[in-house]
Each structure stands twice: as structure tokens, then as C-alpha cells.
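Topology and contacts: notes
Each chain, written out:
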Amino acid sequence: MEWPAHSQDGCLFLAGLGCGYYDVLVVTGAGAGEVWTDYTIGDGSFSMSAPDFATWYGRWLDNELRTALRGAVHKALDTEGPAPSALDRYAHLFEPEAMGDRPSSASVLVDLALVRLSQGRRAEAEALFDELDRTSTDRGYDAINREDFDRWLAQYPSLAASHRSRQRPPKEVLGHYLYRAETTAAGATPPPDAERLAQHRFEAVRKTLAANPSAPSATLSLLADDDSARVREALAANPAADPQLLAALVTRGLARYASDPDAIWTIELVARHPHTLRELRERLLRVGTDPRHELGAIIVRALALNPSATKEELTPLAGHEAPWVRHGAGLNPAAPTELLATLATDPDLHVRVGVGANPATPPGVLAILGRSLDTLIIRAVAGNPATPVGTLREIASRLPCHYQPARAGLPLYVSHLEVEETLRHHPALPPDAVECLVQPWEWSCPGQPDLPPDAPARAAVSNGNTWHPSYPAAMAIAGRELVYPWLPPDLRADILADERTHAVSRAQHSDTPLPVLRGLVDHEDAWTQGNAVQNPSTPVRYAVAAADSPKQPLRAAAARRGDLPPEVLGGLANDEDASVRSFVAGNAATSAPLIARMSEDGSHFVRKAVANHPATPPAIVERLTGDSNRYVRATAQRRQRKDALRRTLETESPD
């Protein structure tokens, strides 16, 4: 549908669909009476969803009834209670022909089968399971997209190693209710009629059997050829799996991997299994270190985690170039103490976290790690059963003032409250340490250093806006100089070692001392420099200088400054980079004449910013409603509606 001058004019809102989509009733024009769905926030389109309101409303009511009945059916099956009383009356709503444009989808067949099962018509439910088995598979719910997988494997091996979809396929939901008794039998000790269960049609039955340590060896060997990756993974993780079975899983997994990337997780589980013989581990190491092979760091890290690995095997892995391999060696309880002591000084944060969580780490090393300023490391030490009582007491006493550096882009984030929760569950935590946890925001914990009156009590850290308590000196580093010299030597060393990790946080916060900001403006990292230039506490002369920088992040940061001189903003309005010009167009300090000139910019990002600018004249906003770009048009139209609403509110009486 072509966009009219005002896309929502002549429409009445009916219902929200989520994600900014909604249904509207057309009330004027040639399409009056029709119901359309507004997708403008997504791909910018409209589409007709019903020819009239009655049709749309009937479908909406049917969907609401289905939703309510679906929940009631699941509850009845879970509790093995009677079917909902209204089910027979409305069961026809689950028939495929009542489902509109998706009569053959897997979820429709599952809903209908569960209704039949709840009505006591098991044979019909099993027939629908057969139809589902013929017309759909679990691929797309559970398998990894091969292109994405290869990219993760090349760039982020840790993400590839941990990424598995947890959404239950529709077939699995149905099978859970149809074959609940068989699944329970597969997990029994010992499982009855194991050979028959190993050939069961439902994957969850075979998976449960494969994970059962009491299952017969012959049955487990039979499952090694199962078509399901989940079954083979359960088999590879079975503590009763023998070396011959594990070797067979590796051989078949390597053969399968070319066509089935899910096979890597079976190989990974075998690589970390304690019953995997050294000969097989050496074979897997050759596969993992072969540059022609894709499995790489995933297999090598699993070998580093193997509790049966020897010192000779772990030593080279502790020096591996991939941090997550070293992290695995640091987590391994079989790692020798001298190796753990070396890894405790590793430059990578997560390697030190692994050493802190390892119960084999010597108490002295744990004591040093417990004085870290990073709460990821502190939480690992706080949860380690081998951590000495003195270290637990010291962590508890310092907890309200730990510093959390920013680590942009990492999936892990730990606050001091999570450290406190971990400490609370430690069985060896002494009573005086527990008293410290009762008042986590107080500064009266034993061991707190005396601070001068002018020292700030808190510092803003993490990703820009989150506040956490900290040692004041953490915000007071200029280059390699400490402003507060009374800190203990180990804390000074930690601050210096982690200076890069929290440079961006210090550059962003308005309370950062001026000497620090001056140093950050000249930081080697352009992103840190840009944040320091944009900081309102940084003198404007640094932003003026950044406006002439060859680095785009610095010019973009300068363009955001509201106190930038008009002539400098005018120069940035001609910048070769469209994002810099768009920041000028969005700057509240930009003059109306400059805004008028930028309204004709060749980039739609700039024109969109102009449409949003509070100083843009109404005539220019009106012109932008007919812009060639749909996003500029939509922005200008929203701006007009907001201005009209604002004028209405200003003229209305208080009543």
C-alpha cells in the first residue's frame, strides 16, 4: 500500500499486536470499513487483515478463546485432571480449517492433538503425532544456522560453545504428554525393557535412556548410532559411558560434522569426559589444533576441562593463545598448583575468574584474587569452597566499596549484590562477616580504610549509567599516576592493571576529575577519547580541537556538545561523514538558519534529525512530510501530530 500524506489519518485503533504493530479500522475514504495492520515501525508497510470489522472481531474472539482453552488443556494434562468443561463446545476452534492462513503449521497440529488427548481420544492424538513426524522436523527450532555457526566459531568460540536454542519444538511438547510413562521408565534404575525403549519413536524417551547410568552397555552402544544429536549428547555425558563407546562417538561425530554441525557438541562432551583415554584425547587435540579443521578452540577448551588430563597435557593448554582455552585450564581441578598460580596472573579477566572458582587453587592465590577490584573475580572466589575464612571475611568487609570496571561488549555483568548473595551461601562464612552483609551500603564495615573528608563516597562505573560503590581512587587515575596514595599496594596494582578496562567509564562520568579527563582526551583508544570529548565536564576547547580531528569518533563526539561555538558547528555541518552531520542536525544548539540548510542534505539520516529538531520551522517540517525517504516522512508526520497536540493542550482550559 502506498503511503498517504498522513498514514494513520482516517483510521481507528483496534488492538496492539506487539513490537509496535497494531490493527486499525479504516473509517474514511474508499477503504472505509476494512481492517488493516500497520507495520510502519518495521518494514514501513500496511496490509489488509480483514474485509470488515465483524470478520476481524470474530477472528480476534476465536483467538482469545483458543488462548484460554490452550492454557486450561495444558493444566489438565499436567495434573492428569478432567478436561475443561467448555472444551467440547469450543473444540472446533482448534480444527485446521478454523486456523485461517496457517492450517498445516506444527503448532496447530499439536494444539489439536492435545485437545484430542484431553478428550480421551488417544488414538487420534497419536495419528496427529504421526502426521507431525512426517510433515515437520525439529530443525529450525534446535539446530544452529550453519553460516552463523561458522562465523561464531571463527570470531567468538566461547559463544559457539555455549549457544544452544532452548525452545521446545512442538513435537516434543506433544510427545511429553503422549509418552510420559515411557519417558519415566527410561529413567528408572534399571530401565525395564531397555532394548525396546532404545528404539522408541519419541526422542525424549531415547535421550532419557541414553543419560541413564544404569542402562545396559549393549543398549548404550545401540544408541551411539541414533539419528538425534540430543540423544548422542546425552550418551556422551553419561558417567557410565566406557572408553570404547566414547571413541565410537568421536569417530561417528567427525564423520557427521560435515553435514550436521550439531555433531560438534557430542565431540565436545567426549573431550571433557573423565573416561576418555589419553590416546583419544591426543587424537582430539590434533583435530582441534589442525588449522584446516573448523572445530578448533571448542574441542581444545573441552580437553583443558577434562579432569583426567595430566600435567603434561595441561601445561601447553595453559599457554594457548585463545583465552577461553586458558580459562578451561584454570577451571580444571586436576591442574597443578604452580600452573594455577601462573594463570592467576593471566592478562585475561575470564582466565583469572576460572582460577578463582577452582577448588584446587591454593589458599594464598585465592587470597590475592579476593583483593581484586573486579566483581566477576570476587564472586568466583566468594563461591569457592576452598576459600580461606580470612579471605571471606576480607571480601565481606570490603564489599560495599568494590569497584566494577566497564567491560563493553562482554555478556557477563556482576554487581556487588550478586557477590553478597554468593557469600551468604558459603558454608564457612563467619558470623562477623555475616554482620557486614546485613548493612551492605554502610561504610562502617571492619577493615574499611579511613578516607579524607573530600573523597567521593561513590563512583559511577559500568556501562555509563549504572552506579556502584567503589574505592574513590578508582576514578582518580591520570595515565599511570594515583591521586590517592593511601590505598594498599595490592589495590594500586589492580587499579593500574585494569586501567584500560574502565577508561571509557571514567571518560563518560561528569564527576571524573579534570586532570583525569585531560589524560583521557589523549588516550590511545579513539572510543575513550570520544567519550571524554563529549563529557560536559571537559573544557570546550578540547571539543573544538576534536572537531578538526581526522578520527570520526572524535568529530562525532564534538558534534554532540551543546556548548560548541556556532562557527564550529557550522563547519561540522559540512563534514564528509553523514553521522557527524546528523549529530549536528540533532544538536539543540544548532541555529535555525543552519537547520534550514541541513534540511536539504543528501543523507536521510540528517533530514530525519532535522525533522526532530525543536527549532525546525513548521514550513520545513511540512516539506519533509513529502520527503522521498519513508523514515523522514514518518518522522515529520509524527512531529506535526505532536506539535498539534501540544497546541491543543496549551489552549484547553484546566477543566
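The preceding data block contains the structure.
For every chain, the first residue of the written sequence is number 1, and numbering continues from 1 along that sequence. For a predicted model such as this one, the threshold for reporting local features is a pLDDT of at least 70, and the threshold for listing and counting side-chain atom pairs is 80 or more; totals across whole chains, interfaces and linings nevertheless cover every residue. Heavy atoms from the whole structure form the basis of all side-chain values; hydrogens and water molecules are not counted.

Turning our eyes to something else, we now look at the pairing of strand β3 (residues 35–39). Partly exposed residues are those whose accessible area sits between 20% and 50% of the maximum for their type, while under 20% is buried and over 50% is exposed, using a 1.4 Å probe and protein chains only. What counts as a helix is a DSSP run of H or I of at least four residues, what counts as a strand is a run of E of at least two, and both are numbered from the N terminus. Counting buried residues along β3, 4 of its 5 residues qualify, which places the element largely inside the surrounding structure. Think of it this way: DSSP has to see at least two bridges between two strands before they count as a pair. Where strand β2 (residues 21–26) and β3 come together, 4 bridges link them in antiparallel fashion. In the sheet register, tyrosine 22 faces β3, and the bridge partner there is aspartate 38.

Another aspect to go through is the environment of leucine 280. Among the structural elements, leucine 280 can be located in helix α15 (residues 278–289). Sequence separation of leucine 280 and alanine 247 is 33 residues, and the distance between their C-alpha atoms is 6.8 Å. The contact definition used throughout considers only heavy atoms, calling two residues in contact when any of these lie within 4.5 Å. Filtering out sequence-adjacent residues up to four positions away, leucine 280 remains in contact with Leu246, Ala247, Val250 and Val270.

Turning next to the environment of glycine 383. Take glycine 383: it is sitting in the loop between α22 (375–382) and α23 (389–398). Along the primary structure glycine 383 and asparagine 358 are separated by 25 residues, whereas in three dimensions their C-alpha atoms are 9.7 Å apart. Beyond its immediate stretch of four places on either side in the chain, glycine 383 contacts Thr422 and His426.

This next bit is on the sheet that holds β2. Two strands in a sheet stick together by hydrogen bonds in their backbones, pointing the same way (parallel) or opposite ways (antiparallel). One open sheet accounts for 4 strands, arranged β1-β2-β3-β4; its pairing is antiparallel. A strand with exactly one partner marks an edge of an open sheet, and here the two such strands are β1 (11–18) and β4 (45–50). Mean inter-strand twist for the sheet, computed between neighbouring axes without regard to direction, equals 30°. Here β1 runs beside β2; their pairing, made up of 6 bridges, is antiparallel. When the bridges of β2 are listed, phenylalanine 13 appears paired with valine 24. Axes here mean lines fitted to C-alpha atoms, for a helix over just the part in contact, with angles spanning 0 to 180 degrees between N-to-C directions. Packed on one face of the sheet, helix α1 (residues 53–79) meets β1, β2, β3 and β4 and runs near 85° to β4.

With that out of the way, let us pick up a nonpolar patch on the surface. The residues that make up patches have over 30% relative accessible area and no salt bridge, and they are joined within 9 Å when like-charged or within 5 Å when they are Val, Leu, Ile, Met, Phe, Trp or Tyr. Note on areas: Shrake-Rupley, 1.4 Å probe, and residue coverage restricted to the protein chains presented here. What makes a salt bridge here is a side-chain nitrogen of Lys or Arg within 4 Å of a carboxyl oxygen of Asp or Glu, nothing more. Side chains of Phe53, Tyr57, Trp60 and Leu61 sit close together on the surface and give an oily, nonpolar patch of about 360 Å² of accessible area. Turning to its location among the elements, phenylalanine 53 is positioned in helix α1. Judged by relative accessible area, phenylalanine 53 falls into the partly exposed class, the value being 35%.

Take the packing of helix α28 (residues 514–521) against helix α29 (residues 526–534) next. Running from N to C, α28 and α29 point in directions that differ by 135°, and their axes come no closer than 8 Å. Here α28 is positioned oblique relative to α29, judged by the angle of their axes. In this structure, α28 crosses over α29, and the sense of that crossing is left-handed. In contact with Leu517, Leu520 and Val521 of α28, α29 contributes Thr528, Gln529 and Ala532. Only Asp, Glu, Lys and Arg are considered charged in this grouping, and only Ala, Val, Leu, Ile, Met, Phe, Trp, Tyr, Cys and Pro are considered nonpolar; every other residue, Gly among them, is considered polar. Residues belonging to the contact of α28 with α29 are distributed by class as follows: 4 nonpolar, 2 polar and no charged. Roughly parallel refers to an angle under 35 degrees, roughly antiparallel to one over 145, roughly perpendicular to one between 65 and 115, and oblique to any angle outside these ranges. By convention the crossing between two helices is left-handed if the near helix lies anticlockwise of the far one by an angle smaller than a right angle, and right-handed if it lies clockwise.

Next up on the list: the pattern of salt bridges. Think of it this way: side chains of opposite charge can pair up when their charged atoms draw near. For the structure on display, the rule yields 20 salt bridges. Among the salt bridges present, the one from arginine 252 reaches aspartate 225, with a minimum N-O distance of 3.2 Å. Here the residue arginine 252 occupies a position in helix α13 (residues 243–257), and aspartate 225 occupies one in the loop between α11 (217–223) and α12 (229–237), the gap between them amounting to 27 residues. A residue is classified by how much of its surface remains accessible, and arginine 252, at 31% relative accessible area, is partly exposed. Judged by relative accessible area, aspartate 225 falls into the partly exposed class, the value being 46%. For glutamate 338, the salt bridge goes to lysine 311, with nearest N and O atoms at 2.9 Å. Of the two residues, glutamate 338 sits in helix α19 (residues 337–343) while lysine 311 sits in helix α17 (residues 311–318), which places them 27 residues apart along the sequence. On the basis of relative accessible area, glutamate 338 is assigned to the partly exposed category, the value being 42%.

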